[in-house]
Amino acid sequence: LRKQELAKLDELVKARFVEMFGDPVTNPMGWKKKRFDAICENLDSRRVPISASERKAGIYPYYGASGIVDYVDGYIFDEDILLISEDGANLIARVTPIAFSVSGKVWVNNHAHVVRFSDICTQKYVEYYFSMIDISNYISGTAQPKLNQSKLNSMLIPIPKIELQKEFLEFCNQIDKEILTIQQGLDILEVLKASLMQDFFR
């Protein structure tokens, strides 16, 4: 039920997105389109992959194409950034988000593009924009799907008025608080489940 509630909240944000900005594909409100590399700064050159055998356990999230892969003892970014999957089957399957915001001290490997926006509200807008569009035309490769930097940069993104972006960010922040509360409850249930499983099968 908690997972269903999380899914409903995600649907609510997407519905609010369309209500405020229109369909992201057809752009019925006629927002001016800009190249992706014109609205953000690419930080891919700062990425550093670490093989599993070379990682030292720590407290800092180590991100890959689809989220946290591990926790390591160092970080290479300490700011608000948007990560966008560069390769992997999830670019096609879309089981998890292909664009996700991270904040604070993190390490990112070379399977996720790293971009910085001058305004966090634009970052949040673009994050949800990616969750609602089909990017298959920009993906190369079949055995190993890939969204290279050149293709990513060439994407044309409709950019609404900054005032609307800020209003959308405020809405998302309220939903994020609810999501955090639900996720914390889920985490507690997962720990309880693991404990009970150990009791049953030891």
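These notes cover the structure that comes with them.

About the cut-offs
- Residues numbered from 1 in each chain as written.
- Predicted model: local features only at pLDDT ≥ 70, side-chain atom pairs only at ≥ 80, totals over all residues.
- Heavy atoms only, no water.
- Helix = DSSP H or I, 4+ residues; strand = E, 2+ residues; numbered from the N terminus.
- Rg over C-alpha atoms; globule rule 2.2 N^0.38 Å.
- Buried < 20%, exposed > 50% of the residue type's maximum accessible area, 1.4 Å probe, protein only.
- Contact = heavy atoms within 4.5 Å.
- Areas by Shrake-Rupley, 256 points an atom, 1.4 Å probe, with all protein chains shown as cover.
- Pairing = 2+ DSSP bridges.
- 1 Å grid on protein atoms, 1.4 Å probe; cavity = no way out; pocket = protein on both sides within 12 Å on 5 of 7 lines; lining within 4 Å.
- Points joined across faces, edges and corners; volume = space filled by probe spheres on them.
- Nonpolar A, V, L, I, M, F, W, Y, C, P; charged D, E, K, R; others polar.
- Lys, Arg positive; Asp, Glu negative; His and termini not counted.
- Salt bridge = Lys/Arg side-chain N within 4 Å of Asp/Glu carboxyl O.
- Polar contact = N/O pair within 3.5 Å; in protein donor to acceptor, adjacent residues only side chain to side chain.

**A word on the overall build of the chain**
Part 1 of the argument: The helix and strand inventory of the chain stands at six helices and 10 strands.
Part 2 of the argument: A globule of 202 residues ought to have a C-alpha radius of gyration of about 17 Å, and the chain, at 18 Å, matches this closely.
Part 3 of the argument: Seen through its principal axes, the chain has C-alpha atoms that stretch 60 × 40 × 35 Å.
Part 4 of the argument: Buried residues in the chain amount to 39% of all 202 residues.
Part 5 of the argument: A fraction of 75% describes how many contacts in the chain between residues 6 or more apart in sequence connect residues 24 or more apart.
Part 6 of the argument: Carbon and sulfur atoms make up 54% of the accessible area of the chain, which totals about 11,600 Å².

**Digging into the side chain of K124**
Part 1 of the argument: Position of K124 relative to the elements: it lies in helix α4 (residues 120-131).
Part 2 of the argument: Once residues lying within four places of it in the same chain are set aside, the contact partners of K124 are F168, L169, C172 and D176.

**Observations concerning the sheet that holds strand β2 (residues 41-42)**
Strand pairs in the sheet, formed through backbone hydrogen bonds, run parallel or antiparallel to each other.
Part 1 of the argument: Spatial strand order, β2-β9-β6-β7: four strands in an open sheet with antiparallel pairing. Where the open sheet ends on each side, the last strands, each with one partner, are β2 and β7 (99-102).

**Describing empty space enclosed by the protein**
Part 1 of the argument: For the structure shown, the criterion picks out one cavity of 30 Å³ or more.
Part 2 of the argument: A volume near 30 Å³ is recorded for the largest cavity.
Part 3 of the argument: Taken together, F17, F21, G22, D23, P24, N27, W31, Y125 and P158 make up the full set of residues lining the largest cavity.
Part 4 of the argument: When its residues are assigned to classes, the lining of the largest cavity shows six nonpolar, two polar and one charged.

**Some details on the side chain of D87**
Part 1 of the argument: As for its placement among the helices and strands, D87 is situated in the loop between β6 (81-85) and α3 (90-93).
Part 2 of the argument: Buried and unpaired, D87 has K146 as its nearest opposite-charge partner, separated by 4.4 Å.
Part 3 of the argument: A polar atom in the side chain of D87 sits 3.0 Å from the side chain of H111.
Part 4 of the argument: In contact with D87, other than residues within four places in its own chain, are A65, H111, Q144, P145 and K146.

**A word on the pattern of salt bridges**
Part 1 of the argument: As enumerated under the stated definition, the model contains 14 salt bridges in all.
Part 2 of the argument: Here D44 makes a salt bridge to R47, at a shortest N to O gap of 4.0 Å.
Part 3 of the argument: Judged by its relative accessible area of 7%, D44 is buried.
Part 4 of the argument: One connected set of salt bridges, linked through shared partners, spans E41, R46, E79 and R116.

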